[in-house]
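Given next are the chains, with one letter for each unit.
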Number of protein chains: 2
Amino acid sequence: MSSDTTDDAARERLIDMAAQFYDQFAAGEIPNMQLPTRSKSNIVFDEDADVWVYGDRTSTRSANSASGARKLLKAIYTIDFLAQQLEEDRSSTLRELYYLSESWDEEAAQFNGQSESDKLVEDLEIVSGVKREDFHMRPEESGAKVMGPLRIREQTNRGDREIHCQDDVGQGGYQIPNNPDTIEFLDHDVDFVLCVETGGMRDRLVENGFDDDYNALVVHLGGQPARATRRLTKRLHDELDLPVTVFTDGDPWSYRIFGSVSYGSIKSAHLSEYLATPEAQFIGIRPADIVEYDLPTDPLSDSDVNALESELEDPRFQSEFWTEQIELQLDIGKKAEQQALASRGLDFVTDTYLPERLGEMGVL
Amino acid sequence: MSSDTTDDAARERLIDMAAQFYDQFAAGEIPNMQLPTRSKSNIVFDEDADVWVYGDRTSTRSANSASGARKLLKAIYTIDFLAQQLEEDRSSTLRELYYLSESWDEEAAQFNGQSESDKLVEDLEIVSGVKREDFHMRPEESGAKVMGPLRIREQTNRGDREIHCQDDVGQGGYQIPNNPDTIEFLDHDVDFVLCVETGGMRDRLVENGFDDDYNALVVHLGGQPARATRRLTKRLHDELDLPVTVFTDGDPWSYRIFGSVSYGSIKSAHLSEYLATPEAQFIGIRPADIVEYDLPTDPLSDSDVNALESELEDPRFQSEFWTEQIELQLDIGKKAEQQALASRGLDFVTDTYLPERLGEMGVL
């Protein structure tokens with residue numbers, strides 16, 4: 001749970017939005033809501049924050065049509081629910097909100113599908129400038145798990161817990177809660193954060209004691225990382241001043257995983273400042289690694305090629321490094337997984353690959 | 001890691017298999033390996049253990065063809081690798097084994113794909129009667145997480161850890177390690193085990209304090225449960241004599257999730273005695289609940305209908321209860337998710353649905 005101040009502020013912003021509709025009515029205007037246009041063509045680089053955010057183009061939701069009026073009605077019912085949830089210090093998931101709407105007295109306010117309620121909550125985040133977590137909307141997906149020399153205090157709904165992320169946890173590590181802003185960093189011996197895509201590689205690093213030998217905080221991403229995982233990574237960087245590195249498979253989907261840690265996603269560009277860690281560095285697997293280490297590979301599929309070509313166009317991948325790597329990959333027509341490093345032996349990744357690469361990157 | 005005795009026993013069984021090939025050679029026989037036929041038609045109910053296991057039909061892997069000989073060669077290389085891994089007290093994943101084979105000197109022993117090496121390890125499990133985990137083959141997928149009044153000791157590769165699964169963990173709970181046989185149950189106030197399919201419902205139960213109010217051990221399944229999760233559930237039942245209940249969505253795929261906890265799967269019928277908890281009871285969502293509680297639903301898709309019809313034929317679902325429920329569902333043509341209970345309010349599940357149902361079932 002967030003602190004009471006955050007709750008009060010979030011609640012106030014919600015009420016403000018409702019009040020705005022009221023004022024529009026009172027002034028004889030047709031109620032409406034302005035939103036940034038949420039497409040790839042409307043994300044711009046924010047030089048100050050060093051992240052990609054929505055640009056100036058806006059769309060208007062207006063009650064000047066029956067469907068527009070229904071959208072605003074749903075927004076008002078949702079605001080009412082969220083404000084009440086904050087007052088009672090409860091929380092809920094996006095899916096619960098969708099189902100809960102079935103209990104609303106006004107049938108026209110009920111959602112037709114979860115995509116509709118999900119999108120509305122995102123709209124409310126954007127307009128209010130308050131994160132979903134501060135509305136006490138929990139994500140469906142859990143955050144991942146953490147292993148390394150870090151002691152934290154987590155506020156749970158049954159009291160505070162102090163946990164050392166090596167000494168007080170099992171082999172599985174510390175499970176990140178849905179809202180990592182309930183975590184306070186107490187003390188640590190961490191030199192850098194190592195985000196790892198796959199569970200198999202995460203387990204390899206932990207079994208080989210990499211976190212212990214190199215004072216690494218190993219954060220398991222588990223594919224496309226949950227918001228909770230990205231938020232924690234961001235906080236580790238900003239508050240503890242730790243370098244953040246990302247270790248994934250060597251294919252276009254994994255570069256997007258790096259991108260979502262580093263640059264933020266188009267879908268949540270309004271949250272880049274909370275979730276993105278622009279200083280995050282990409283370890284690999286790089287297409288150049290496939291060549292250099294002669295890794296076992298799979299051929300690129302048509303959808304891999306399309307994804308790589310789309311990344312070449314993506315403003316977030318317009319650096320010399322990424323252009324070179326992506327072009328090399330299209331040229332060799334191959335991709336490789338993290339665990340392909342096992343073809344050089346089970347310890348190659350911790351004895352050779354990571355120490356060498358992290359040395360070159362200036363992290364070690 | 002397992003204890004040394006288990007390691008030695010597993011190693012011995014592996015060497016026995018290799019020795020058997022040697023003896024066949026020495027006797028002038030063509031080396032071969034007998035395996036139970038692994039199909040739905042060859043699973044039978046074991047009355048003693050109350051689980052479904054493979055029947056009497058067997059298939060033979062023989063070196064009497066080039067492809068058969070290559071299969072046995074791969075088996076021998078794999079046995080050699082596993083025996084060495086046990087000797088060194090290391091572990092690896094199925095995927096690592098596949099990649100590692102690329103480093104083997106004999107090219108014909110290398111695997112052509114991971115499905116080949118996965119299947120071979122299963123064959124070795126079946127023939128040797130030793131679980132994959134005892135070969136120190138870690139699953140790729142992690143076990144899920146646990147919350148409830150249970151204190152455990154876990155042997156990790158950096159020493160023992162004592163953890164209370166409410167007091168010593170965050171809101172995310174205790175993360176089950178890949179090999180739950182490293183866990184020792186110390187003491188507990190648990191009255192029953194409640195396995196939950198979705199993360200959203202797991203978080204709802206934890207937020208509402210259901211584990212605390214009812215002395216429930218909430219085990220998150222996270223979809224089709226990992227082996228580690230099923231093994232832990234089995235051990236909780238057998239060693240602590242706890243009733244096991246399963247709470248899922250109300251659709252044919254979720255009934256299979258219940259089935260894999262309760263009856264074991266066709267793919268791992270040789271492990272039913274280690275993984276299946278035949279006494280597990282199904283809470284719901286039942287098709288009858290959809291009618292009784294007037295839950296928000298989705299229509300059954302064609303593949304849902306096919307899956308339900310196939311369950312009607314499945315020997316594991318041949319009870320009066322399941323036949324009735326499945327026929328009712330085909331009749332109403334609808335399915336519902338766990339979180340659809342939120343349409344009656346966020347506390348309906350913990351205040352009304354679960355206490356009533358668990359009461360009827362004789363668990364509360």
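Residues numbered from 1 in each chain as written. Chains lettered and ligands numbered in written order. Predicted model: local features only at pLDDT ≥ 70, side-chain atom pairs only at ≥ 80, totals over all residues. Heavy atoms only, no water.

Chain A goes by Type 2 DNA topoisomerase 6 subunit A in an unreviewed UniProt entry, where it is assigned to Halarchaeum rubridurum. The record in UniProt for chain A states the following under Function (unreviewed entry): "Relaxes both positive and negative superturns and exhibits a strong decatenase activity." (UniProt positions renumbered as here; feature names shortened; annotations may be inferred.)

**Details of the overall build of chain A**
A tally of helices and strands in chain A yields 13 helices and 17 strands. In summary, chain A has a C-alpha radius of gyration of 22 Å against a globular reference of 21 Å for 364 residues, a match within 12%. Split into buried and exposed, the 364 residues of chain A put 58% on the buried side. In chain A, the proportion of contacts linking residues at least 24 apart, taken out of those at least 6 apart, comes to 73%. A total accessible area of about 14400 Å² is found for chain A, and carbon and sulfur atoms account for 44% of it. Both charge centroids of chain A, one from 35 positive and one from 72 negative side chains, sit 5 Å from each other. (Helix = DSSP H or I, 4+ residues; strand = E, 2+ residues; numbered from the N terminus. Rg over C-alpha atoms; globule rule 2.2 N^0.38 Å. Buried < 20%, exposed > 50% of the residue type's maximum accessible area, 1.4 Å probe, protein only. Contact = heavy atoms within 4.5 Å. Areas by Shrake-Rupley, 256 points an atom, 1.4 Å probe, with all protein chains shown as cover. Lys, Arg positive; Asp, Glu negative; His and termini not counted. Charge placed at Lys NZ, Arg CZ, Asp CG, Glu CD.)

**A word on the relation of the copies chain A and chain B**
You can overlay chain A on chain B at an RMSD of 0.1 Å; the transform is a turn of 180° with a shift of 0.0 Å along its axis. Taken together, the turn and the small shift mark the pair as related by a two-fold rotation axis. In terms of proximity to the rotation axis, the leading residue of chain A is A:Q175, whose C-alpha is 3.3 Å off the axis. When you check the interface residues of chain A against chain B, 100% turn up at the interface there too, and the contact is symmetric in its surfaces. (Least-squares fit on C-alpha atoms with pLDDT ≥ 70 in both.)

**Details of the domain arrangement of chain A**
Residues and elements named next belong to chain A. With domains assigned, chain A is organised as domain 1 (7–138) and domain 2 (145–360). Between the C-alpha centres of domain 1 and domain 2 the distance comes to 32 Å. Domain 1 puts 18 residues into the contact, and the matching count from domain 2 is 19 residues. Both sides of the domain 1 and domain 2 interface together cover about 1800 Å² of buried area, and 58% of this is carbon and sulfur. Its largest share of buried area at the contact with domain 2, domain 1 owes to K40, W52 and K131, together 34% of the area lost on that side. We note a salt bridge from R227 to E133, for which the minimum N-O separation is 2.8 Å. At the boundary of domain 1 with domain 2, the tally comes to 2 residue pairs in polar contact (both at pLDDT 80 or more). Of all the secondary structure elements, the ones that give two or more residues to the side of domain 1 that touches domain 2 are strand 3 (51–54) and helix 4 (114–128). It is strand 3 that provides the largest number of residues to the side of domain 1 that touches domain 2, a total of 4 residues. In terms of residue class, the side of domain 1 that touches domain 2 is made up of 7 nonpolar, 2 polar and 9 charged. (Domains from an automatic or database assignment. Buried area = accessible area lost by both parts, 1.4 Å probe. Salt bridge = Lys/Arg side-chain N within 4 Å of Asp/Glu carboxyl O. Polar contact = N/O pair within 3.5 Å; in protein donor to acceptor, adjacent residues only side chain to side chain. Nonpolar A, V, L, I, M, F, W, Y, C, P; charged D, E, K, R; others polar.)

**What to know about the UniProt feature "binding site: Mg(2+)" (unreviewed entry) in chain A**
Residue and element names in this part refer to chain A. According to UniProt, the feature "binding site: Mg(2+)" (unreviewed entry) maps to E197 and D249 in the numbering used here. A maximum C-alpha distance of 7.1 Å places the annotated residues, which cover 53 residues in sequence, within one compact spot. Counting through the fold element by element, E197 comes out in the loop between strand 12 (192–196) and helix 5 (199–207). Leave out the neighbours within four places in its chain, and E197 touches H220, L221, G222, G223, F247, T248, D249, S254, I257 and Q338. Looking at the element boundaries, D249 is found in the loop between strand 14 (244–247) and helix 8 (252–262). Residue D249 is classed as buried on the basis of its relative accessible area of 9%. Each residue touching D249, except ones within four places of it in the same chain, is listed here: E197, T198, S254, Y255, I285, A336, E337 and Q338.

**Let's talk about unusual backbone geometry**
Most peptide bonds are trans, and most residues other than glycine sit at a negative phi. Here the amide bond leading from A:G284 into A:I285 is cis, since omega sits at 5°, within 30 degrees of zero. Unusually for a residue other than glycine, B:D89 sits at a positive phi of about 55°. For B:D89, a relative accessible area of 39% gives the class partly exposed.

**Considerations on a negative patch on the surface**
Among the surface-exposed residues, A:D294, B:E102, B:D105, B:E106 and B:E107 lie close enough to one another that they form a single negatively charged patch. Mapped onto the fold, B:D105 is located in the loop between helix 3 (94–100) and helix 4 (114–128). (Patch = residues over 30% accessible without salt bridge, like charges linked within 9 Å, V, L, I, M, F, W, Y side chains within 5 Å.)

**Things to note about the interface of chain A and chain B**
Between chain A and chain B, the residue contacts involve 53 residues of the former and 53 residues of the latter. Counting each side, the surface lost to burial between chain A and chain B is near 4500 Å², with a carbon and sulfur contribution of 41%. A per-residue breakdown of the area chain A buries against chain B is headed by A:Y99, A:R158 and A:E207, which together make up 15% of the total. Ionic pairing is found between A:R204 and B:E96, a salt bridge with its closest N-O pair at 2.8 Å. At the junction of chain A with chain B, the criterion picks out 38 residue pairs in polar contact (both at pLDDT 80 or more).

**Considering the side chain of A:T198**
Residues and elements named next belong to chain A. Looking at where T198 falls in the secondary structure, it is placed in the loop between strand 12 and helix 5. A polar side-chain atom of T198 sits 2.7 Å from a polar atom in the side chain of Q338. Beyond its immediate chain neighbours, meaning those up to four positions away, T198 contacts H220, D249, Q338 and Q339.

**What to know about helix 8 of chain A**
All names here are of chain A. With 9 of 11 residues buried, helix 8 lies mostly within the body of the structure. Among the residues of helix 8, P252, S254, Y255, I257, F258, G259, S260, V261 and S262 are the ones counted as buried. Measuring from the side-chain oxygen of the N-cap residue of helix 8 to the backbone nitrogen of W253 gives 3.0 Å; that N-cap residue is D251.

**Notes on the packing of helix 11 (residues 302–313) of chain A against helix 12 (residues 320–332) of chain A**
The packing of two helices is summarised by the inter-axis angle and the distance between the axes. Residues and elements named next belong to chain A. Running from N to C, helix 11 and helix 12 cross one another at 155°; their axes reach a closest spacing of 10 Å. One way to sum up the angle between helix 11 and helix 12 is to call them roughly antiparallel. Considering how the two elements wind past one another, helix 11 and helix 12 form a crossing that is left-handed. Judged by residue contacts, V305, L308, E309, E311 and L312 of helix 11 engage T323, I326, E327, Q329 and L330 from helix 12. Among the residues making up the contact of helix 11 with helix 12, the classes are represented as 5 nonpolar, 2 polar and 3 charged. (Axes fitted to C-alpha atoms, helices over the stretch in contact; angles between N-to-C directions. Parallel < 35°, antiparallel > 145°, perpendicular 65-115°, else oblique. Left-handed = near helix turned anticlockwise from the far one by under 90°.)

**Thoughts on the packing of aromatic side chains**
What the rule picks out here adds up to 32 aromatic pairs over all chains. Ring pairing ties together the aromatic residues A:Y255, A:F258, A:Y263, A:F282, A:F317, A:F321 and A:W322, which thus form one cluster. For A:K131, the ring lying beneath its charged end belongs to A:Y274, and the centroid distance is 4.2 Å. The ring of B:F348 has B:R344 sitting right over it, with the charged end atom 4.8 Å from the ring centre. (Phe/Tyr/Trp six-rings, centres within 6.5 Å; stacked < 30°, edge-to-face > 60°. Lys NZ or Arg CZ within 6 Å of the ring centre and 35° of its normal.)

**Considering the sheet that holds strand 7 (residues 145–147) of chain B**
Residues and elements named next belong to chain B. Reading across from one edge, 10-7-13-12-14-15 is the order of the 6 strands in this open sheet, with mixed pairing throughout. Two strands close off the open sheet at either side, each with one partner strand: strand 10 (174–175) and strand 15 (281–284). Across 2 bridges, the pairing between strand 7 and strand 13 (residues 216–220) is antiparallel. Considered in strand 13, the bridge of M147 is made with V218. Sitting on the sheet, helix 13 (residues 348–360) is in contact with strand 12 (192–196), strand 14 (244–247) and strand 15, with an inclination near 145° to strand 15. (Pairing = 2+ DSSP bridges.)

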